[in-house]
Amino acid sequence: MTDTTKTTPTARGLIPLPLAAARALLLAGGIATTASAFLAWTWTSEFPGDLTITGYPGGLQWLTFTAGILTALFALAAYGIRGLGWLLPARNNAPLVLTAIGAFGVTWYTIISIAVELGGLANLEPGGYIAAIASVLPVLGAFALPEPNTGDTKENLKAYIAKPDGIPAPQPLSGWAERALITVVTALGLAVFTYGIDTEYGELFIGYLIVVVFAVWALHTAGLIDRFSRLVAHNRSFTLAMGFAAAIVFPFTQSNDHYANIGVNILIFGTVALGLNIVVGLAGLLDLGYVAFLGVGAYTAALVSGSEFSRFSGVQFPFWAAALAGAAASLIFGVLIGAPTLRLRGDYLAIVTLGFGEIFRIAVNNMDGDSGPDITNGPNGIPAIPDLSFFGYNFGEAHDIAGFTLGRFANYYLLMVLIMAIVVLVYTRAADSRIGRSWIAIREDETAATAMGINGFRVKLIAFALGATLAGLAGTVSAHVTYSVVPNPYQFAGAAPPNSAFLLAAVVLGGMGTVAGPILGAALLYLLPEKLVFLQDKSLLAFGIALILLMRFRPEGIIANRRRQLEFHETGQLDVPDTTTLTDEPATVTKAGA
Amino acid sequence: MNNMTTPVLEARDVTMRFGGLTAVRSVDFTVNSGEIVGLIGPNGAGKTTFFNCLTGLYIPTEGTVSYKGTVLPPKPHLVTMAGIARTFQNIRLFANMTVLENVLVGRHTRTKEGLWSALLRGPGFKKAEKASEERAMELLEFIGLADKRDHLARNLPYGEQRKLEIARALASEPGLLLLDEPTAGMNPQETRATEELVFAIRDKGIAVLLIEHDMRFVFNLCDRVAVLVQGEKLVEGTSEVVQADERVIAAYLGEPFEGAPGEAEAAEVAAAEAQNASTKGDAQ
Ligand SMILES: Nc1ncnc2c1ncn2[C@@H]1O[C@H](COP(=O)(O)OP(=O)(O)OP(=O)(O)O)[C@@H](O)[C@H]1O
Ligand SMILES: [Mg+2]
């Protein structure tokens, strides 16, 4: 954090311009950038998204348009325009700087992509040049805003994107206004998320990431995200309900079942990551073989699915029984692996779980009747898993509901929303209880925890088994979604999720010990390889670099647990919590009653 | 002193060897109900090791420890369950949990809500959680940290961390409390307050066994003092007896103990101790 109370040397901009000019440049530049999205940037529609039409933005131009609007909005708020004051409660420069950079980034990324992909600057229309120039203006304006000059360039630059410490508290809202606000934000979130899933080509997805990252960063430095999390803390159950409502609405917004497929895979991946979060985030047990439990659930479901390739092809459990069987098999497997290994601490546990995870995959590979008992069909796996059917509702067919068509994946998506709801409930309830506290205590200091009467082994085994069960449950759905189960995806590391390394990365990247973190992490980690197919074999490299950068600059993950945030960013101050966010539960209860 | 002196803790012939080193050698030791007993001895005498043997963190090479007549299994959680709680020489709080959560973890042995009741959240669960929180708040009030219930433990000043460790230990409703250097690193006022606190704990009917280097503190407080030197119990008796014993003076104090050592001196010793401790092994 930068020290804003330092004896202010002369406050002036990095670019020497008067304040009025800087602001004018920001506003005018923002508007110009927005307007330039309506021009033709290139002459051929070979570049995806068709940027050739004057008068209507296409593809990446929409992103420039959005980023330009955001820049202009913050610029107007900086002028103190009535009704926009809430955008800039601390009246700091960082949101202006960041939105300007975002608009510049996405515009220039587009222009450069056009030039590179089509082979030369000649492919740009004058509109492209105008956009390029227009998007530079707000950046110039932003860096002309006055900031205390410390004489050190690095410090000066940091000051431009710093979040101030004291952000004035908002005026209290009435209960219904808070809820209305949460509803609006959830709807916006759904729209943004849906846009990301629906991006049709890699360039658009990268542009989308640029805009989203800078916009969220800007909102964060403006203090708006903090304010919103406070609202959420007041209305926890309502927010959770809204989140699930949004998740349910998603497939109805999709006309193409392919995107529902992405959605269901994200949900499976996210659910498993949330299960892993119990093991890693709460109990602090580094489990490197976690994906095996997903595999156990999937294989169990496949074996009792009635597939003709199953060893028990005559057996067809109803789904609820198959789900229970899968969860129970994972539970047993979890206890079997946990019982001997959980006596080990730290690194040893990680290595042993890694070993067990691989043993699962290799064993499944070998149980083909030749090298072992004939159970899993070896590398061929169990194909032709029939679709689920609930009370005559066949998941394999498209259904028309209230004028919307729900395809096969949309059906499974909705089932997965239900399962994720169960897992979220299990996670939140377990975390906030005697057992959850003992997990955290074990993670913090195992010796002290046992000296406080916690049976470390037992408590760890419960975490391990619970995590395994939840993964197994998700696995039962995943077997049906993918039609077949094969040993290969259940490995330690691979180029596509799910695998243990990706699962762990989803938890760490998203934010250990939070509910939303692993889900967000899973969504990102699923979408990146899915959308950036042009990276091909370099996607793992890119992923590694991204992970290193994130861990360097935000070790607590994208969504920070309060504990972890304080752990990694020593503020040197006593942590004096906001009185209203003290205990999550009672606050919710009283609010719900009001 | 209490005239109903039933033994709470009985250590018999406790020996702890680390390879060739015998850290504790055939120590017999008793703490009676209502007593405050001090355990003193020079650095490396084996006091902390002895505590670890009592609480099951170490499995003694020889000997047994019994609490109120029953022999304790050398498992820390069972020892706590039985009724012995402890603090650590180098504070071992759950740093990233709040003050209240730390105390709630201390309640672990006196509550029994398992995973199922947490998931189902029946009325029993809510009642138990509420009762636990009330009990924890009582303890925080007792110790004087009630207003900091939602601070992270790591952000408390040193003296308050020591207090919180005591509150956390008390939360397990022990019959015997073991304090390993409760005043290490404290200033004189805080030491005095800790003295009051130990008396108050005894008045709740909890026997106290404490390791301390601050001699004034020990001799003010303790009904009985035992001296451990090189793993062996040298002397045991009232403050007067121990202070007068030639061997103790020779082994530990180096000089007659008439004018009690100055605060500065005690603090120096304590500081050196704390330093020592931080470089030492796992279960201090
Ligand atoms: N786990 C261990 N492994 C090997 N040696 C140990 C172990 N724990 C303690 N010791 C040794 O046992 C001896 C006694 O140590 P202990 O910590 O019990 O002393 P102490 O009386 O508590 O000293 P202090 O006043 O410095 O706290 C020391 O020589 C120490 O190095
Ligand atoms: Mg010691």
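These numbers come from a predicted model, not from an experiment.

Let's shift gears to the overall build of chain B. Helix and strand counts for chain B come out as eleven helices and ten strands. Going through the 284 residues of chain B one by one, you find that 58% of them count as buried. Pairs at least 24 apart in sequence give 69% of the contacts found in chain B among residues at least 6 apart. Carbon together with sulfur atoms contributes 52% to the accessible area of chain B, which is approximately 11,700 Å² in total.

Okay, the overall build of chain A next. Across its full length, chain A carries 22 helices and six strands. Against the compact-globule benchmark of 25 Å for 594 residues, chain A has a radius of gyration of 26 Å, which places it among compact chains. In the form shown here, chain A has an accessible surface area of approximately 25,700 Å², with 67% of it arising from carbon and sulfur atoms. When the 31 basic and 38 acidic side-chain charges of chain A are each reduced to a single mean position, those positions are 11 Å apart.

Turning to a nonpolar patch on the surface, a few remarks are in order. Together, I53(A), Y56(A), W62(A) and Y195(A) make up a nonpolar patch on the protein surface, roughly 380 Å² of accessible area in all. Among the structural elements, I53(A) can be located in the loop between α1 (19-36) and α2 (60-78).

Glancing now at helix α11 (residues 291-303) of chain A. When the terminal C-alpha atoms of α11(A) are compared, their 18 Å separation across 13 residues agrees well with the 18 Å that a helix rising 1.5 Å per residue should span. With respect to burial, α11(A) is a largely interior element, 13 of its 13 residues being buried.

Okay, the sheet that holds strand β4 (residues 62-67) of chain B next. All names here are of chain B. Pairing is antiparallel in the open sheet, where four strands are placed in the order β2-β1-β4-β5. Both outer strands of the open sheet, β2 (21-32) and β5 (70-71), are each paired with one neighbouring strand and no more. The sheet contact formed by β4 and β5 spans two bridges and is antiparallel. Note that in β5 the partner of S66 across the bridge is V71. Lying over the sheet, helix α1 (residues 47-54) contacts β1 (7-18), β2 and β4, oriented at roughly 115° with respect to β1.

With that settled, consider the environment of I266(A). All names here are of chain A. Inspection of the secondary structure puts I266 in helix α10 (residues 257-282). On a C-alpha basis, the gap between I266 and A523 in space is 5.4 Å, while along the polypeptide they are 257 residues apart. For I266, the residues in contact, after removing those within four places along its chain, are I197, A522, A523, Y526 and L527.

This part takes up the interface of chain B and chain A. In this complex, chain B contributes 38 residues to the contact, which on the side of chain A involves 40 residues. Buried area between chain B and chain A, summed over both chains or domains, comes out near 3,600 Å², and the portion from carbon and sulfur atoms is 57%. Summed over the shared surface of chain B and chain A, the result is two salt bridges. A salt bridge links D445(A) to R92(B), with the shortest nitrogen-to-oxygen separation between them at 2.8 Å. Remark: the boundary between chain B and chain A carries 13 residue pairs in polar contact (both at pLDDT 80 or more). Among the secondary structure elements, those contributing two or more residues to the side of chain B that touches chain A are α2 (76-82), α3 (99-106), α4 (115-120), α5 (123-143) and α6 (158-170) of chain B. Partitioning the side of chain B that touches chain A into residue classes produces 16 nonpolar, ten polar and twelve charged.

What follows covers the pairing of β1(B). All names here are of chain B. The pairing of β1 with β2 spans eight bridges and is antiparallel. Each bridged residue has a counterpart across the sheet, and for M16 the counterpart in β2 is V24. Hairpin connection, β1 to β2: the antiparallel pair is bridged by two residues, and G19 has positive phi, about 55°. As defined by bridge partners, β1 adjoins β4 across five bridges and the pair is classed as antiparallel. When the sheet's bridge partners are listed, L9 is paired in β4 with Y67.

Here we come to the sheet that holds strand β7 (residues 176-180) of chain B. All names here are of chain B. Taken together, the six strands give an open sheet; going across it, the order is β6-β7-β8-β3-β9-β10, and neighbouring strands pair in mixed fashion. Each having just a single partner strand, β6 (84-86) and β10 (232-237) make up the two edges of the open sheet. Pairwise comparison of adjacent strand axes, ignoring direction, gives a mean angle of 20° for this sheet. In this structure, β6 lies alongside β7, joined through three bridges in parallel fashion. Counted as the bridge partner of I84 is L176 from β7. Packed onto the sheet, α1 meets β3 (36-40), β6, β7, β8 (207-211) and β9 (224-229) and runs at close to 145° relative to β8.

So, on to the packing of helix α14 (residues 408-431) of chain A against helix α17 (residues 456-481) of chain A. Residues and elements named next belong to chain A. Orientation of α14 relative to α17, taken along the N-to-C sense of each, is 175°, at an axis distance of 10 Å. Comparing the axis directions of α14 and α17 gives the class roughly antiparallel. For the pair α14 and α17, contact is made by R408, F409, Y412, L415, M416, I419, V423, V426 and A430 and by L466, L470, L473, A474, V477, H480 and V481, respectively. Looking at the contact of α14 with α17, its residues break down into 14 nonpolar, one polar and one charged.

In many reports, interface size means the accessible area that the parts give up when they come together. All names here are of chain A. According to the domain assignment, chain A contains domain 1 (11-164 + 173-237) and domain 2 (254-551). Counting residues at the interface gives eleven residues for domain 1, matched by eleven residues for domain 2. Of the roughly 920 Å² buried between domain 1 and domain 2 on both sides combined, carbon and sulfur atoms contribute 74%. Our count for the contact surface shared by domain 1 and domain 2 stands at zero salt bridges. Connecting domain 1 to domain 2 are four residue pairs in polar contact (both at pLDDT 80 or more).

Our focus in this paragraph is the pattern of salt bridges. Any two side chains of opposite charge can pair, so long as their charged atoms come close to each other. All names here are of chain B. Evaluated as defined, the whole model comprises 25 salt bridges over all chains. For R224, the salt bridge is made with E35, and the minimal N-O distance between the two is 2.8 Å. Of this pair, R224 sits in strand β9 while E35 sits in the loop between β2 and β3, and the two are 189 residues apart along the sequence. Considered together, R224 and E35 belong to a single accessibility category, that of buried residues. Note that R168 is salt-bridged to E165, the shortest N-O span being 3.5 Å. Separated by three residues within a single helix, R168 and E165 lie in helix α6, roughly one turn from each other. One connected set of salt bridges, linked through shared partners, spans E35, R224, K233 and E236.

Conventions used here
Residues numbered from 1 in each chain as written. Chains lettered and ligands numbered in written order. Predicted model: local features only at pLDDT ≥ 70, side-chain atom pairs only at ≥ 80, totals over all residues. Heavy atoms only, no water. Helix = DSSP H or I, 4+ residues; strand = E, 2+ residues; numbered from the N terminus. Buried < 20%, exposed > 50% of the residue type's maximum accessible area, 1.4 Å probe, protein only. Contact = heavy atoms within 4.5 Å. Areas by Shrake-Rupley, 256 points an atom, 1.4 Å probe, with all protein chains shown as cover. Rg over C-alpha atoms; globule rule 2.2 N^0.38 Å. Lys, Arg positive; Asp, Glu negative; His and termini not counted. Charge placed at Lys NZ, Arg CZ, Asp CG, Glu CD. Patch = residues over 30% accessible without salt bridge, like charges linked within 9 Å, V, L, I, M, F, W, Y side chains within 5 Å. Salt bridge = Lys/Arg side-chain N within 4 Å of Asp/Glu carboxyl O. Expected span 1.5 Å × (residues − 1). Pairing = 2+ DSSP bridges. Axes fitted to C-alpha atoms, helices over the stretch in contact; angles between N-to-C directions. Buried area = accessible area lost by both parts, 1.4 Å probe. Polar contact = N/O pair within 3.5 Å; in protein donor to acceptor, adjacent residues only side chain to side chain. Nonpolar A, V, L, I, M, F, W, Y, C, P; charged D, E, K, R; others polar. Parallel < 35°, antiparallel > 145°, perpendicular 65-115°, else oblique. Domains from an automatic or database assignment.

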